[in-house]
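Each chain, letter by letter, is given below.
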Amino acid sequence: MAQVSRFCPPRKSCHDWIGPPDKHSNLQPVHFYIPENESSLEQKLRELRQETQERNQQFWANQNLTFLKEKEEFIDSRLKAKGLELRAESGQKATLNAEEMADFYKEFLSKNFRKHMYCNRDWYKRNLAITFFMGKVALERIWKKLRLKQKKTSN
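Summarised in this report is the structure supplied together with it. Throughout, a residue's number is its position along its own chain's written sequence, starting from 1. For this predicted model, a pLDDT threshold of at least 70 governs which residues receive local features, and a threshold of 80 or more governs which side-chain atom pairs are given and counted, while totals over whole chains, interfaces and linings are taken from all residues. Side-chain metrics in this entry use all non-hydrogen atoms of the structure; hydrogen atoms and water are not considered.

### A word on helix 3 (residues 113-154)
So, step 1. For helices the rule is a DSSP run of H or I covering at least 4 residues; for strands it is a run of E covering at least 2, with both sets numbered from the N terminus onward. Under the convention used throughout, the expected extent of a helix is 1.5 Å for every residue step, that is, one less than its residue count. For helix 3, built from 42 residues, the straight-helix expectation of 62 Å at 1.5 Å per residue is met to within 8% by its first-to-last C-alpha distance of 61 Å.
So, step 2. Elements that come into contact with the buried residues of helix 3 comprise helix 1 (40-81) and helix 2 (98-111). By the convention used here, residues are in contact when the closest approach between their heavy atoms is within 4.5 Å.

Written as structure tokens, this is what we have:
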């Protein structure tokens, strides 16, 4: 399991903070601000956003690890098939040309097509739900402001 960046925003921050890219997933983690008077709807929105971020983090960390492992295996097998050593005489790691690597990229994408498709589908569904909850939160905040205005004018 990949570990998320240890980036931490200042304690008194009143905003969401975006951290540096995670070294495993290459995603930038978001540290969500939790207001003291967070409504249940705002909490639900924040938790959905956090859960979506965690799922993306986990998926891409695992996917990137798989990619790197399979890439190394592909390079090693091709070099061995050519009768070449894994390291040149200079000690530098031997590589394949772009055309040879294109075979790997095509194979990897084809093999993982369904996994990526399901991940993208889930991501789109979650983002639609997040957008829906953002609209509900915005309406809730407007409604609260209107009620406060009415209370002030009636007093």
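Read on, since the account is not over.
### With respect to unusual backbone geometry
So, step 1. Its identity as a non-glycine residue notwithstanding, Asn 26 has a phi of 65 degrees, on the positive side.
So, step 2. Within the secondary structure, Asn 26 sits in the loop between strand 1 (17-18) and strand 2 (30-31).
So, step 3. The exposure class of Asn 26 is exposed, given its relative accessible area of 54%. The classification of residues rests on relative accessible area computed with a 1.4 Å probe and restricted to protein chains. Under 20% of the type maximum is buried, over 50% is exposed, and intermediate values are partly exposed.

### Side note on the nonpolar core
If you look at soluble globular proteins, the nonpolar side chains tend to sit buried side by side.
So, step 1. Phe 74, Ile 75, Leu 79, Ala 94, Leu 96, Met 101, Phe 104 and Phe 108 form the largest nonpolar core, which has eight residues in total.
So, step 2. Among all residues touching Ala 94, those that are not within four sequence positions of it are Ile 75, Leu 79, Glu 85, Leu 86, Arg 87 and Ala 88.
So, step 3. Here, nonpolar core means buried Ala, Val, Leu, Ile, Met, Phe, Trp, Tyr and Cys residues that are tied together by side-chain atoms lying within 4.5 Å of each other. Core analysis: the next-biggest nonpolar cluster, separate from the first, contains six residues, Leu 41, Leu 45, Leu 48 and Val 137 among them.

### As for the packing of helix 1 against helix 2
So, step 1. Every axis in this analysis is a line fitted to C-alpha atoms, fitted for helices over the stretch in contact. Angles between the N-to-C directions lie between 0 and 180 degrees. With their axes 11 Å apart at the nearest point, helix 1 and helix 2 run at an angle of 140 degrees to one another. Taken as axis vectors, helix 1 and helix 2 run oblique relative to one another. Considering the relative orientation of helix 1 and helix 2, their crossing is right-handed. Across the interface between the two elements, Gln 63, Thr 66, Phe 67, Glu 70, Lys 71, Phe 74, Ile 75 and Arg 78 from helix 1 touch Glu 100, Met 101, Asp 103, Phe 104, Tyr 105, Phe 108 and Lys 111 from helix 2.
So, step 2. Three classes are used, and their members are as follows: Ala, Val, Leu, Ile, Met, Phe, Trp, Tyr, Cys and Pro are nonpolar, Asp, Glu, Lys and Arg are charged, and the others, Gly among them, are polar. Grouping the amino acids of the contact of helix 1 with helix 2 by side-chain chemistry returns seven nonpolar, two polar and six charged. Roughly parallel refers to an angle under 35 degrees, roughly antiparallel to one over 145, roughly perpendicular to one between 65 and 115, and oblique to any angle outside these ranges. It is the rotation of the near helix from the far one that decides the hand of a crossing: anticlockwise by less than a right angle makes it left-handed, clockwise makes it right-handed.

### Describing the pattern of salt bridges
So, step 1. For salt bridges, the criterion is a side-chain nitrogen of Lys or Arg within 4 Å of an Asp or Glu carboxyl oxygen. Taken as a whole and judged by the stated rule, the model has eleven salt bridges.
So, step 2. For Glu 51, the salt bridge identified is with Arg 126, shortest N-O distance 2.7 Å. With a gap of 75 residues between them, Glu 51 in helix 1 and Arg 126 in helix 3 connect regions that are remote in the sequence.
So, step 3. Overall, Glu 51 belongs to the partly exposed group, its relative accessible area being 38%.

### Some remarks on the environment of Trp 123
So, step 1. Secondary-structure assignment places Trp 123 in helix 3.
So, step 2. Separated by 87 residues in sequence, Trp 123 and Glu 36 place their C-alpha atoms 29 Å apart.

### Digging into the packing of helix 1 against helix 3
So, step 1. Running from amino to carboxyl end, helix 1 crosses helix 3 at an angle of 160 degrees, the nearest separation of the two axes being 9 Å. Taken together, the axis directions place helix 1 and helix 3 in an arrangement best described as roughly antiparallel. Once helix 1 is placed against helix 3, the crossing between them reads as left-handed.
So, step 2. For the contact of helix 1 with helix 3, the class distribution of residues is twelve nonpolar, four polar and eleven charged.

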